[in-house]
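Structural characterization, general
Residues per chain, in single letters:
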Amino acid sequence: MNKSDDLEKFAHDLQKQILEQIKKQYSEVAIDHWQNPRNFKRIENPDVYAKVTGPCGDSMEMFLQMKDDTVSECGFQTDGCGTTIICGSVVTELAKKKSITQALSLVSADRILEILGGLPDPDVHCAQLAAETIRKALADYLSRKTGAKH
Ligand code: FES
């Protein structure tokens, strides 16, 4: 075995070990959202935009397109950890194609945790950040709409 084969084997083994560690702490659903995040994108000219910074200093941005009071499209961005991406992916899937009232009743940190089969304690605030950001976007849309009626 030459040096580059050694290095490749080392990298492969390391990757395997990391994945094994991750599997001990995160459910298969969580790992799937981590490896294939849904709606992890910026939407140009969204109907609603919200940005929230969590207590850890990480931020999440949410972009929504609305059609007939339904979330027709949504996307998110974050400068946070991998778990924030998992939670943004879950929460946008929950809200997508739902009416504003349905979406508001569905998105919460508890619901994200339920879908993910829980998260390690230090990551629970990542679910709270994702839920808070989308709830802010939905609430802003609602208050803009109600405000426009008066
Ligand atoms: Fe800050 Fe996950 S959101 S560590």
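Below: a short report on this structure. (Residues numbered from 1 in each chain as written. Predicted model: local features only at pLDDT ≥ 70, side-chain atom pairs only at ≥ 80, totals over all residues. Heavy atoms only, no water.)

Overview of the overall build of the protein chain
Going by this rule: Each helix is a run of H or I in the DSSP string that is no shorter than four residues. Each strand is a run of E no shorter than two, and both are numbered from the N terminus. Remark: exposure states derive from per-residue accessible area (1.4 Å probe, protein chains only) relative to the maximum for the residue type, with buried under 20%, exposed over 50%, and partly exposed in between. Areas reported here follow the Shrake-Rupley algorithm with a probe of radius 1.4 Å; residue values treat only the protein chains shown as occluding.
Tallying secondary structure elements over the protein chain gives six helices and three strands in all. Taken from the N to the C terminus, the helices and strands of the protein chain come in the order α-α-β-β-β-α-α-α-α. With respect to the principal axes defined by its C-alpha atoms, the protein chain has extents near 75 × 30 × 25 Å. Burial analysis of the protein chain (150 residues in total) assigns 38% to the buried set. Counting every atom, the protein chain has about 8700 Å² of accessible surface; 51% of that belongs to carbon and sulfur.

A short note on the side chain of aspartate 123
For the record, the criterion: For the charge count, each Lys or Arg is scored as positive and each Asp or Glu as negative, with His and the chain ends excluded. The rule for a salt bridge is simple: a side-chain nitrogen of Lys or Arg has to be within 4 Å of a carboxyl oxygen of Asp or Glu. Should any heavy atoms of two residues lie within 4.5 Å, those residues are counted as being in contact.
Topologically, aspartate 123 is positioned in the loop between helix 5 (109–116) and helix 6 (124–149). As a buried residue without a salt bridge, aspartate 123 has its nearest oppositely charged side chain in lysine 24, at a separation of 16 Å. Apart from the residues lying within four places of it in its own chain, the contact partners of aspartate 123 are Tyr26 and Thr83.

What about helix 5?
Let me state the cut-off plainly: To be clear, the arc concerns the directions from the helix axis to the C-beta atoms.
When helix 5 is considered as a whole, its buried residues turn out to be Ala109, Ile112, Leu113 and Leu116. Buried residues of helix 5, viewed axially, fall in a sector of 95 degrees; they line one side. Looking at helix 5, the residues exposed on the side facing more than 90 degrees away from the buried face are Asp110 and Glu114. Positive phi appears at glycine 117, one or two residues downstream of helix 5, with a value of about 65 degrees.

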